[in-house]
Amino acid sequence: MRSRSGSGRHPITIITHEDPIGRGPANYMIHADLSVRQDGWREQLWTRQLTEDRFEVTCLPFFTYGICYLDVVTIDSSHLVASVVQKSGHRTLRVALVADHQDRDHLHELLHGKVVEAALPHEWLQGTYLSVDLPPGTNPAPLTEALEVPAQAGALHWEIDS
């Protein structure tokens, strides 16, 4: 989704979550500023409001570093993340499939099967970006081992954030 500010600013691009793992009727939307990575970009984060100024993250960030599932954050007056005030202990495994790689569809199916088999909550964005929740104590080796060969072949990039 793209929206333009009428004040002559750069367009703002908001990355939205298609199917957040913690979707609920009382979710509260906030944004994380990604302009350090790409000017004008923000990621919409689904949250659960805990207090007037504290929110628990109920989605798996695709591009926002340092924030994971169930972390507690505060926001500023523009509803942008201001700080992380409590870490949940969860980590996020992120995978970006190379969109024009010949094996992309096969890798999507393979990775989807692996996370379902491991019973790990996950989200896809446009079939190309995958975020996987790694709860405290989860060993990511079965997944990361499956990523090594495609990563070396230039078919994907991956990382683990905490």
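These figures come from a predicted structure and were not determined experimentally. (Residues numbered from 1 in each chain as written. Predicted model: local features only at pLDDT ≥ 70, side-chain atom pairs only at ≥ 80, totals over all residues. Heavy atoms only, no water.)

Student: Would you mind showing me how to read the pattern of salt bridges here?
Tutor: Close approach of charged atoms lets side chains of opposite charge pair. Counted by the stated rule, this structure contains five salt bridges. Across the salt bridge formed by Arg48 and Glu56, the nearest N and O atoms sit 2.9 Å from each other. With a relative accessible area of 40%, Arg48 lands in the partly exposed category. Taking relative accessible area as the criterion, Glu56 reaches 15% and is therefore assigned buried. Measuring nitrogen to oxygen at the nearest pair gives 2.6 Å for the salt bridge that ties Asp71 to Lys87. You can see Asp71 sitting in the loop between β5 (55–57) and β6 (72–75) and its partner Lys87 sitting in the loop between β7 (81–86) and β8 (91–97), a full 16 residues away along the chain. On the accessibility criterion, Lys87 (41% relative accessible area) is partly exposed. Three or more residues joined by partner-sharing salt bridges are found here, namely Arg94, Glu159 and Asp161. (Salt bridge = Lys/Arg side-chain N within 4 Å of Asp/Glu carboxyl O. Buried < 20%, exposed > 50% of the residue type's maximum accessible area, 1.4 Å probe, protein only. Helix = DSSP H or I, 4+ residues; strand = E, 2+ residues; numbered from the N terminus.)

Student: Where do I start with the sheet that holds strand β11 (residues 156–161) in this structure?
Tutor: Sheets are built from strands that pair by backbone hydrogen bonding, the pairs being arranged parallel or antiparallel. Read from one edge to the other, the open sheet built from four strands follows the order β9-β10-β8-β11, with strand pairing classed as antiparallel. Both edges of this open sheet fall to β9 (122–125) and β11, since each of them pairs with a single strand only. Ignoring which end each strand starts from, the neighbouring axes of this sheet average 15 degrees apart. As judged from the four bridges shared by β9 and strand β10 (residues 129–134), these two strands associate in the antiparallel manner. Looking across to β10, one finds that Glu123 is bridged to Ser131. Contacts from helix α1 (residues 104–117) reach β8, β9, β10 and β11 within the one sheet, and its direction differs from that of β9 by about 165 degrees. In this fold helix α2 (residues 141–152) packs onto β8, β10 and β11, with an angle of close to 145 degrees to the strand it touches most, β11. (Pairing = 2+ DSSP bridges. Axes fitted to C-alpha atoms, helices over the stretch in contact; angles between N-to-C directions. Contact = heavy atoms within 4.5 Å.)

Student: Can you help me understand the packing of aromatic side chains in this one?
Tutor: A ring pair, where both rings are aromatic, is described by two values, the distance of the centres and the angle of the planes. Across all of its chains, the model carries four aromatic pairs by this definition. With a centroid separation of 5.0 Å and an interplanar angle of 70 degrees, the aromatic rings of Phe63 and Tyr129 are classed as edge-to-face. Linking Phe63 in the loop between β5 and β6 with Tyr129 in strand β10, this pair joins segments that are 66 residues apart in sequence. Residue Phe63 is classed as buried on the basis of its relative accessible area of 11%. Aromatic rings pair up to connect Trp41, Phe62, Phe63 and Tyr129 into one cluster. (Phe/Tyr/Trp six-rings, centres within 6.5 Å; stacked < 30°, edge-to-face > 60°.)

Student: Is there a simple way to explain the side chain of Thr47 in this structure?
Tutor: Here Thr47 lies in strand β4 (residues 41–49). There is a polar contact of 2.5 Å between the side chain of Thr47 and the backbone oxygen of Tyr28. With near-sequence residues (within four places) excluded, Thr47 lies in contact with Ala26, Asn27, Tyr28, Ile30, Phe55, Glu56, Val57 and Thr58. (Polar contact = N/O pair within 3.5 Å; in protein donor to acceptor, adjacent residues only side chain to side chain.)

Student: Would you mind showing me how to read the side chain of Arg94 here?
Tutor: Structurally, the position occupied by Arg94 is in strand β8. Side-chain polar atoms of Arg94 contact the backbone oxygen of Pro61, separated by 3.0 Å. With residues up to four places along the chain from it excluded, the contact list for Arg94 reads Pro61, Phe62, Phe63, Thr64, Tyr65, Ile67, Leu130, Ser131, His157, Trp158, Glu159 and Asp161.

Student: How do you make sense of α1 when you look at a structure like this?
Tutor: Since there are 3.6 residues in each turn of an α-helix, residues three or four apart along the chain are aligned in direction. Helix length check: α1 (14 residues) gives 20 Å between terminal C-alpha atoms against 20 Å at 1.5 Å per residue, within 8%. Taken together, the buried positions of α1 are occupied by Leu107, Leu111 and Val115. Looking down the long axis of α1, one finds its buried residues gathered within 60 degrees of arc, a one-sided arrangement. When the buried face of α1 is taken as reference, the exposed residues oriented beyond 90 degrees from it are Asp105, His106, Glu109 and Glu117. Buried residues in α1 make contact with β8, β9, β10, α2 and β11. (Expected span 1.5 Å × (residues − 1). Arc of directions from axis to C-beta.)

Read these as layout, nothing more, since geometry by itself doesn't imply function.
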